[in-house]
Number of protein chains: 2
Amino acid sequence: MSETVTVRHSTRELASFLARLRFDDIPDEAVERTKDLFLDWVGSALAGSNERPVRTLERFAREMGPAGGPSEDLTSRRRTSPLFAALVNGAASHVVEQDDLHNASVFHPATVVFPAALAAAQQTGASGREFLAASVAGYEAGVRVGRFLGRSHYRVFHTTGTAGTLAAAAAVSHLLGAGEETTLHALGSAGTQAAGLWEFLRDAADSKQLHTAKAASDGLLAAYLARDGFTGAGRILEGERGMAAGMSSDADPNKLVEGLGASWAVLETSFKYHASCRHTHPAADALLKGMREHRLAADDITRVRACVHQAAIDVLGPVTDPRTIHQSKFSMGFVLAVIARNGSAGINDFTEEALGDAALRRFSDKVEMVLDSEVDAAYPRRWIGLVEIETKGGGRFTSRVDVPKGDPGNTLGCEELEEKARNLAAYGGGASEGEMDRIVARIWGLEEETDVRDLLPEGSE
Amino acid sequence: MSETVTVRHSTRELASFLARLRFDDIPDEAVERTKDLFLDWVGSALAGSNERPVRTLERFAREMGPAGGPSEDLTSRRRTSPLFAALVNGAASHVVEQDDLHNASVFHPATVVFPAALAAAQQTGASGREFLAASVAGYEAGVRVGRFLGRSHYRVFHTTGTAGTLAAAAAVSHLLGAGEETTLHALGSAGTQAAGLWEFLRDAADSKQLHTAKAASDGLLAAYLARDGFTGAGRILEGERGMAAGMSSDADPNKLVEGLGASWAVLETSFKYHASCRHTHPAADALLKGMREHRLAADDITRVRACVHQAAIDVLGPVTDPRTIHQSKFSMGFVLAVIARNGSAGINDFTEEALGDAALRRFSDKVEMVLDSEVDAAYPRRWIGLVEIETKGGGRFTSRVDVPKGDPGNTLGCEELEEKARNLAAYGGGASEGEMDRIVARIWGLEEETDVRDLLPEGSE
């Protein structure tokens, strides 16, 4: 196999950037946003504490892992080894569908980066600054890999699982002090483990939690192995038999490197305002706006046509009759029904009662999704919300939102973030108000913390 | 999404077969072969004990896993949880390239099935019969998934890593007493974790060991999670966003189910006679045969043209200048040089000295690979060996072997298998002669063993 010297080695360029990144290189705005994202993640992890798939993975961690260790499982408050802390916290922080999302990569960074980074940082005794820098590195890697893999990848693969493995590896490698070469090996070992298929959506199976759990723990594995000299492929992303060759038809290596050090993935990441699949949010916002502007109640509406991008149809289309709370968050009809009837779609709006509510089901049947060429062309860079609403009086109008709530151009403020995190912690019974006070205060001052250990007191279990 | 009732659910049919399989259903010949394969695997695992990538994974197991447990790591003789025993033994048994291969699926079953099955059986206290039946289930699942995924999959993906995850899940599920539904969930969770890319070949990186380690341990994870109610996709193989949709262009669902209960994957599996990549074996056998028939010494030969199938070019082609012992087993030139000069290519023929041997390098330069349409058309069902040899005297002839040594039609006898296993154990310093006596005796009487614990005494480490 011949190779000319002019072939650009994009994965190495990315590894080089990640290895050289220092806290002082990161703009203040990006540091502040990373703290916001971390608080948002802690809330999501605590909210997922008592969900069945998370409990099952935690049982596995008890059966297979050590009885103690340096890293905390936020859901059980047990201390364990970094591997199992990453595994369980990774599962917990994605299950209630409130964790963050990067639009252009269609990738959820927090749920794969923070579980791995926190678990490793608690072992190495990293400072708040080191933890923040590592997290920024993880976001940068994951978002870039997600964008690189492109839309064709996302059609079959759950990007948060696949790109997430490299994101976790990048964050942990940073904490372990990896240089360029070691980081490249870690990315290689992460990429060759990268997995996660959307097929589970048809059955509403538990795989989404497995994907984030495994991305976090597999990425951590890759980084620890690289620290100890285990080698990986140097061109795992762009190589002839690398990730793009096997799992994408529109990969663009330029996405791995363009604007490195100038743009920051953490600043491009959206918070979730509604507690449902992000693909429902633009339409939810447009429906809310339309109902407010036309002073409509749910019963005034006879039909809603959500004009969406193709990926929304791919992900939400199979969910025609949601049977579980989790599945209901992936039903466009159900989510818009909740929005129309409750005026919100927060974590407490998705319940067993709601699932069996006849009025919600009736509204749900009024909703259809259609592919819209303009919305689709803008995606994934912009997630335009566009709905056509018909009313009992024979009215018919469209409502449009160009920047959904939670996007960088319409982000959540500190108070909104605190409130969301506290609601999430209360939902899962994951932390008391006093404990959340302490966590919030530590996170707002994270760059001054000497370590990131013991977010919660150790459990007595 | 609509679906007609006539759609065949091949993954469920396979799961149903696996769940119902009992020891008494398995023909004696298949039981005997499974014992052969297990002994062959133990030898391979012991041979890999001291290889660097294996030691690195074992260090990870110490750092992240428990200090004790029911399952044995054959390489360190430590006892640990099933997860880490599967991880380390999975890495160890593939590294010296002496483990078995199923031709038609281009899949190495032993190195993913036995680590997982042994680790779980040692926890559940399974009998020898239960262990054998579970192993047969694992072989059946892995081989069928490998054949299903087809040649297009193997071009980019390391089938032993991907199909291997389902193979391990099937074996462990069997030991855990899973019914059809639970087995289906285990396959779903295994398939959505399935990974492994060939890109590492370019750099001779350590990923091959990571793939087998992770296939064994990820499959075990899938089975334990399913035992505890964690659900997976029902059509992870053939579904619209399942493994075939994402990772194959020639998948054939019929391969999952045809001949279930009539043919047995263990009986179709080949032993490796040479200690190199299996893609080199047909040509190695043909060269040996030609040299014997024409009474040639290595120095008499001026040129060897190995006429091969495309996959041999894909896997071996990148290795033009082997730098490590492991890589040298993937160089057609180097392997044929070893064969020509030593008359064998056993585990003791691949050394650092050999790597630097000028005569071997000179012979290596005389070897080229060319695609042969007949050989390629027969592959992967038959691995035909065909070489054209030119000699100093101007002679030119071809030599052909239709069934390479180790294939089911030209298999190894008990004595050859024992000798191979003993050589492997000695190579790795993995077990003493007395210990191998005991292991060999236990395996030949495995169907009468009450448990499969303590193959080796616990280490003092």
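Residues numbered from 1 in each chain as written. Chains lettered and ligands numbered in written order. Predicted model: local features only at pLDDT ≥ 70, side-chain atom pairs only at ≥ 80, totals over all residues. Heavy atoms only, no water.

### Looking at the overall build of chain A
In terms of regular secondary structure, chain A is built from 20 helices and 8 strands. The C-alpha radius of gyration computed for chain A amounts to 21 Å, which stays within 12% of the reference 23 Å derived for 461 residues, consistent with globular compactness. Expressed along its principal axes, the backbone C-alpha trace of chain A runs to roughly 70 × 60 × 40 Å. Looking at chain A as a whole, 67% of its 461 residues qualify as buried. Expressed as a percentage of contacts within chain A between residues at least 6 apart in sequence, the contacts between residues at least 24 apart total 78%. For chain A, the accessible area works out to roughly 14,700 Å², and carbon and sulfur atoms hold 46% of it. Looking at charge distribution, chain A has the averaged site of its 49 positive side-chain charges lying 3 Å from that of its 65 negative ones. (Helix = DSSP H or I, 4+ residues; strand = E, 2+ residues; numbered from the N terminus. Rg over C-alpha atoms; globule rule 2.2 N^0.38 Å. Buried < 20%, exposed > 50% of the residue type's maximum accessible area, 1.4 Å probe, protein only. Contact = heavy atoms within 4.5 Å. Areas by Shrake-Rupley, 256 points an atom, 1.4 Å probe, with all protein chains shown as cover. Lys, Arg positive; Asp, Glu negative; His and termini not counted. Charge placed at Lys NZ, Arg CZ, Asp CG, Glu CD.)

### Section: the packing of aromatic side chains
Scanning all chains against the criterion turns up 25 aromatic pairs over all chains. Each ring, one from Phe84 of chain A and one from Phe84 of chain B, has its centre 6.0 Å from the other, and the planes form 75 degrees; the classification is edge-to-face. With one member in each of two chains, Phe84 of chain A in helix α4 (residues 82–92) and Phe84 of chain B in helix α4 (residues 82–92) form a pair that bridges those chains. Note on Phe84 of chain A: relative accessible area 2%, which makes it buried. Through a chain of ring-to-ring contacts, three or more aromatic side chains come together here, namely Phe38, Trp41, Phe114, Phe131 and Tyr139 of chain A. Directly above the aromatic system of Tyr273 of chain A lies the positively charged group of Lys405 of chain A, at a separation of 5.5 Å from the ring centroid. (Phe/Tyr/Trp six-rings, centres within 6.5 Å; stacked < 30°, edge-to-face > 60°. Lys NZ or Arg CZ within 6 Å of the ring centre and 35° of its normal.)

### Considering the interface of chain B and chain A
Listed as interface residues are 69 residues of chain B and, on the opposing side, 69 residues of chain A. Around 5,400 Å² of area is buried between chain B and chain A when both sides are counted, 61% of it from carbon and sulfur atoms. In terms of surface lost to chain A, no three residues of chain B exceed Met64, Phe230 and Arg241 of chain B, which account for 15% of the buried area on that side. The interface formed by chain B and chain A contains 6 salt bridges. Between Lys214 of chain A and Asp218 of chain B there is a salt bridge whose closest N-O contact spans 2.8 Å. Put simply, chain B and chain A have 30 residue pairs in polar contact (both at pLDDT 80 or more) between them. Secondary-structure elements contributing two or more residues to the side of chain B that touches chain A are α3 (52–64), α4, α6 (128–156), α8 (180–191), α9 (207–227), α10 (243–247) and α13 (310–316) of chain B. With 10 residues, the top contributor of residues to the side of chain B that touches chain A is α9 of chain B. (Buried area = accessible area lost by both parts, 1.4 Å probe. Salt bridge = Lys/Arg side-chain N within 4 Å of Asp/Glu carboxyl O. Polar contact = N/O pair within 3.5 Å; in protein donor to acceptor, adjacent residues only side chain to side chain.)

### Focus on the relation of the copies chain B and chain A
Relative to chain A, chain B is turned by 180 degrees and slid 0.0 Å along the rotation axis, the superposed coordinates differing by an RMSD of 0.0 Å. On the angle and the small slide along the axis, the relation comes out as a two-fold axis. It is Pro66 of chain B whose C-alpha, among those of chain B, lies nearest the rotation axis, at 2.1 Å. When the interface residues of chain B are mapped onto chain A, 100% of them again lie at the interface, so the same face is used by both copies. (Least-squares fit on C-alpha atoms with pLDDT ≥ 70 in both.)

### What about the side chain of Asp349 of chain B?
Residue and element names in this part refer to chain B. Here Asp349 lies in the loop between α15 (332–342) and α16 (352–355). Looking at Asp349, its side chain comes within polar contact range of the side chain of Ser344, at 2.8 Å. The contacts of Asp349, once residues within four sequence positions are left out, are Val338, Asn342, Ser344 and Ala354.

### Describing the sheet that holds strand β7 (residues 385–391) of chain A
Residues and elements named next belong to chain A. With mixed pairing, 4 strands are arranged side by side in an open sheet as β6-β5-β7-β8. With one partner strand each, in any of the chains shown, β6 (367–371) and β8 (396–401) form the two edges of the open sheet. Strand-to-strand, the axes of this sheet are offset by a mean angle of 25 degrees, without reference to chain direction. Bridge analysis of strand β5 (residues 301–308) against β6 gives 5 bridges, and the strand direction is parallel. (Pairing = 2+ DSSP bridges. Axes fitted to C-alpha atoms, helices over the stretch in contact; angles between N-to-C directions.)

### Considerations on the UniProt feature "domain: MmgE/PrpD N-terminal" (unreviewed entry) in chain A
Annotation from UniProt places "domain: MmgE/PrpD N-terminal" (unreviewed entry) at residues 12–254 of chain A. With 63% helix and 2% strand, the stretch residues 12–254 of chain A has end C-alpha atoms that lie 12 Å from each other. (UniProt positions renumbered as here; feature names shortened; annotations may be inferred.)

### Digging into the packing of helix α2 (residues 28–47) of chain A against helix α6 (residues 128–156) of chain A
Residue and element names in this part refer to chain A. Contact geometry of α2 with α6 gives a least axis separation of 10 Å together with a crossing angle of 85 degrees. Here α6 runs roughly perpendicular to α2, going by the angle between their axes. Contacts between α2 and α6 pair Val31, Thr34, Lys35, Leu37 and Phe38 from the former with Phe131, Leu132, Ser135, Val136 and Tyr139 from the latter. (Parallel < 35°, antiparallel > 145°, perpendicular 65-115°, else oblique.)

### Some remarks on the pairing of β8 of chain A
Every other side chain in a regular strand lies on the same face of the sheet, so the side chains alternate between the two faces. All names here are of chain A. Side chains of β8 alternate between two faces, with Phe397, Ser399 and Val401 buried and Arg396, Thr398 and Arg400 left unburied. Where β7 meets β8, 6 bridges bridge the pair, whose relative direction is antiparallel. Each residue of the ladder has a partner; that of Ile389, found in β8, is Phe397. From the end of β7 to the start of β8, which pair antiparallel, there are 4 residues, and Gly394 there has a positive phi angle of about 90 degrees.

### Remarks on the UniProt feature "domain: MmgE/PrpD C-terminal" (unreviewed entry) in chain A
The UniProt record annotates "domain: MmgE/PrpD C-terminal" (unreviewed entry) at residues 274–444 of chain A. As annotated, residues 274–444 of chain A has a helix share of 47% and a strand share of 15%, and its two end C-alpha atoms lie 24 Å apart.

### Considerations on the nonpolar core
Ranked by internal contacts, the top residues of the largest apolar core, which has 320 residues, are Phe38 and Leu336 of chain A together with Phe38 of chain B. Apart from residues lying up to four places away in sequence, Phe38 of chain B is in contact with Phe114, Leu118, Phe131, Ile443, Leu446 and Leu455 of chain B. (Core = buried A, V, L, I, M, F, W, Y, C linked by side-chain atoms within 4.5 Å.)

### Some points on the confidence of the model for chain A
On average, chain A scores 95 in pLDDT, and the residues at 70 or more come to 98%. Interface scoring of the predicted complex returns ipTM 0.92; its pTM is 0.93. (pLDDT = per-residue confidence, 0-100.)

### Regarding the environment of Ser44 of chain A
Residues and elements named next belong to chain A. Its location among the elements puts Ser44 in helix α2. Look at Ser44 and you get buried, because its relative accessible area is 0%. With sequence-adjacent residues up to four places away left out, Ser44 is seen in contact with Ala92, Ser93, Val96, Gln98, Asp99 and Leu424.

### Topic: the sheet that holds strand β8 (residues 396–401) of chain B
Residue and element names in this part refer to chain B. The sheet built from 4 strands is open, its strands ordered β6-β5-β7-β8 with mixed pairing. In this open sheet, the two edge strands, each paired with only one partner strand, are β6 (367–371) and β8. Pairs of neighbouring strands in the sheet enclose a mean axial angle of 25 degrees, with direction left out of account.

### Here's the deal with the packing of helix α1 (residues 10–20) of chain A against helix α8 (residues 180–191) of chain A
All names here are of chain A. Where α1 contacts α8, the axes come no closer than 8 Å and their chain directions differ by 120 degrees. In terms of orientation, α1 lies oblique with respect to α8. Classified by chirality, the crossing of α8 by α1 is right-handed. Of the residues in α8, those in contact with Thr11, Arg12, Ala15, Ser16, Leu18 and Ala19 of α1 are Glu180, Glu181, Thr183, Leu184 and Leu187. When the residues that make up the contact of α1 with α8 are grouped by side-chain class, the tally is 5 nonpolar, 3 polar and 3 charged. (Left-handed = near helix turned anticlockwise from the far one by under 90°. Nonpolar A, V, L, I, M, F, W, Y, C, P; charged D, E, K, R; others polar.)

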